[in-house]
Amino acid sequence: MRPVLQIAKERLGIAEEHLEPYGRYKAKISLKYLESLKNKPDGKLVLVTAISPTPAGEGKTTTTVGLGDALNRLGKKAMVCLREPALGPVFGMKGGAAGGGFSQVVPMEDINLHFTGDFGAIQLANNLLAALIDNHVYHGNALGFDVRRVTWRRVVDVNDRALRDITVGLGGTANGYPRQDGFDIVVASEVMAIFCLATSLSDLKERLGNIVVGYTRKQEPIRARDLKAHGAMTVLLKDALAPNLVQTLENNPAIIHGGPFANIAHGCNSVIATTAALKLADYVVTEAGFGADLGAEKFIDIKCRKAGLKPAAAVIVATVRALKYHGGVEVADLPRENVEAIKKGIATSSGTSTTCASALACRAWYRSTTAPRTPTPRCSRSSSAPAIMASRSSTRAITRKAVPAPSKWPSTWWSCASSRTSSSTCMRTRSRCGTR
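Since the structure is predicted, the reported quantities are computational estimates derived from the model, not experimental observations.

Thresholds applied
Sequence order sets the numbering: in each chain, residues are counted from 1 along the sequence as written. Two thresholds apply to this predicted model, a pLDDT of at least 70 for residue-level local features and 80 or more for giving and counting side-chain atom pairs, whereas whole-chain, interface and lining totals are computed over all residues. With hydrogens and water stripped out, all remaining heavy atoms of the structure feed into the side-chain values. Axes, fitted as lines to C-alpha atoms, cover a helix only where it is in contact. Angles between the N-to-C directions of the axes lie from 0 to 180 degrees. Strands are runs of DSSP state E lasting at least 2 residues, helices are runs of H or I lasting at least 4, and numbering of each runs from the N terminus. Convention used here: angles under 35 degrees read as roughly parallel, angles over 145 as roughly antiparallel, angles from 65 to 115 as roughly perpendicular, and any remaining angle as oblique. Each crossing gets its handedness from the near helix: less than a right angle anticlockwise from the far helix is left-handed, clockwise is right-handed. Residue contacts are defined here by distance: any two heavy atoms, one from each residue, within 4.5 Å place the two residues in contact. The classification of residues rests on relative accessible area computed with a 1.4 Å probe and restricted to protein chains. Under 20% of the type maximum is buried, over 50% is exposed, and intermediate values are partly exposed. Here, the term nonpolar core denotes a set of buried Ala, Val, Leu, Ile, Met, Phe, Trp, Tyr and Cys residues that are joined through side-chain atoms within 4.5 Å. Between any two strands, at least two bridges found by DSSP are needed for them to pair.

Quick look at the packing of helix H6 (residues 118-138) against helix H7 (residues 190-197)
Alright, step 1. The N-to-C vectors of H6 and H7 enclose an angle of 125°; their axes lie 9 Å apart at closest approach. When the axes of H6 and H7 are compared, the pair comes out oblique. Note that H6 runs across H7; the crossing there is right-handed. Touching Phe119, Ile122, Ala125 and Asn126 of H6 are Val191, Met192 and Phe195, all from H7.

Next comes the structure, spelled out in structure tokens:
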């Protein structure tokens, strides 16, 4: 490893005064410095996703890091953007989330454990709000909380089954009113999801204030701003909001920041991290959690839509091992050759390519309708994204009629995703994109 301050200066042109070092190999990039980059052109954004997850694992992070290193080896100015690992999966069956083999971000052990303390800050902000709720009820309950309808839960960054459903406020009048409560894992907190969608400290404070924490007996919502909690929560998160700079094993810069789960939120690294990387590099390789049917759709329909990001390509990870699993092979038998299972698995995984194509290509079709009036083309399995890279077998089904990426993205390019029906559903139901 090389000192991160050297990598920042030599590879990204970031002076030392714009970095907050956490030892020799980790540093936070100043939000004030990132604000000064807002007028620079963006690089190209590449999404790495995978077919439906299997117990064997698909290797999205390894592919993401390897692709970033490969682009740099080709002479391109590329960066990797990843989520921070949660301690629950790190100490569970999944293990860490820093890549593998020679495609790793380092220092791997620090990244997989406490890193720069971002998750600790998010945990504190979440639990401060929980404490303020109970304290407010104890001191008279002026907002009229119905203690049966307090929706805000506490969090801890380990898998602790015994804390999922608990009773708080026991021990007499000094400890408040007894009620049912529970602990989620930190990455399942609404604070984590908000943290990763915020674009600035002021935006973060506004979003935190909008959190609904409970209801009155008349079932009227009570928000964090009603408790005047959002300012204190923002203070706890002010340092964590700056993105973290580390490196790959080939000494290429990587940003790792935020980490909401894809099954309860959007499953991507922070908007601040991605937008910063797009200003600092010509190519940014990032990944979405879980498979394309969940993480990639949320990446497109939530993160990109909220942040105005424009993905240029999608990379679909489909290992032979995973294809055999989807073809009906048990995990213990995956090392054995089984061509028939691979054929079955490819047929199953073709929907993954369709998902990525629908998320990007439907918008390409919609953009094409802004030209001289012609019948609106239908979304079908024959359309493809502006640029899709995938396993050859998976791609074959959707690349018969490619739509070239436009030179300029119109202001209405998200119209296809603005309705109740997602663009992927639009493709599957063969509805016209122009009507969406």
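Re the environment of glycine 231
Alright, step 1. Among the secondary structure elements, glycine 231 is positioned in helix H9 (residues 230-237).
Alright, step 2. Residue classification places glycine 231 among the partly exposed positions, given a relative accessible area of 25%.
Alright, step 3. Distance from glycine 231 to glutamate 206, taken between C-alpha atoms, is 9.0 Å for residues 25 residues apart in sequence.

Topic: the environment of isoleucine 264
Alright, step 1. Positionally, isoleucine 264 belongs in the loop between strand E15 (253-256) and helix H10 (271-280).
Alright, step 2. Overall, the relative accessible area of 46% leaves isoleucine 264 in the partly exposed class.
Alright, step 3. With 74 residues separating them in the primary sequence, isoleucine 264 and glutamate 190 have C-alpha atoms 8.8 Å apart.

Here we look at the nonpolar core
Note on soluble globular proteins: their nonpolar side chains tend to be buried together.
Alright, step 1. Counting 73 residues, the largest nonpolar core has Ile29, Leu129, Val191, Ile211, Val213 and Leu237 as its most contacted members.
Alright, step 2. The dominant element in this core, judged by the number of residues it contributes, is H6, at 8 residues.
Alright, step 3. Residues in contact with isoleucine 211, not counting those within four places in the same chain, are Leu129, Trp152, Glu190, Val191, Ile194, Ile222, Arg223, Ala224 and Met233.
Alright, step 4. Listed in part, the 10 residues of the second largest apolar core include Val80, Leu82, Val246 and Ala254.

Observations concerning the sheet that holds strand E12 (residues 212-216)
Alright, step 1. Read from one edge to the other, the open sheet built from 3 strands follows the order E7-E12-E13, with strand pairing classed as antiparallel. Of all the strands in the sheet, the pair left with one neighbour each is strand E7 (145-150) and strand E13 (221-223). Averaged over all adjacent pairs, the angle separating strand axes in this sheet is 50°, with direction ignored.
Alright, step 2. One ladder, built from 3 bridges, connects E12 with E13; its direction is antiparallel. Each residue of the ladder has a partner; that of valine 212, found in E13, is arginine 223.
Alright, step 3. Contacts from H6 reach E7 and E12 within the one sheet, and its direction differs from that of E7 by about 135°.

A few points about the pairing of E12
Alright, step 1. Pairing of E7 with E12, which is carried by 2 bridges, proceeds in the antiparallel orientation. Following the sheet pairing, phenylalanine 145 is matched in E12 by threonine 216.

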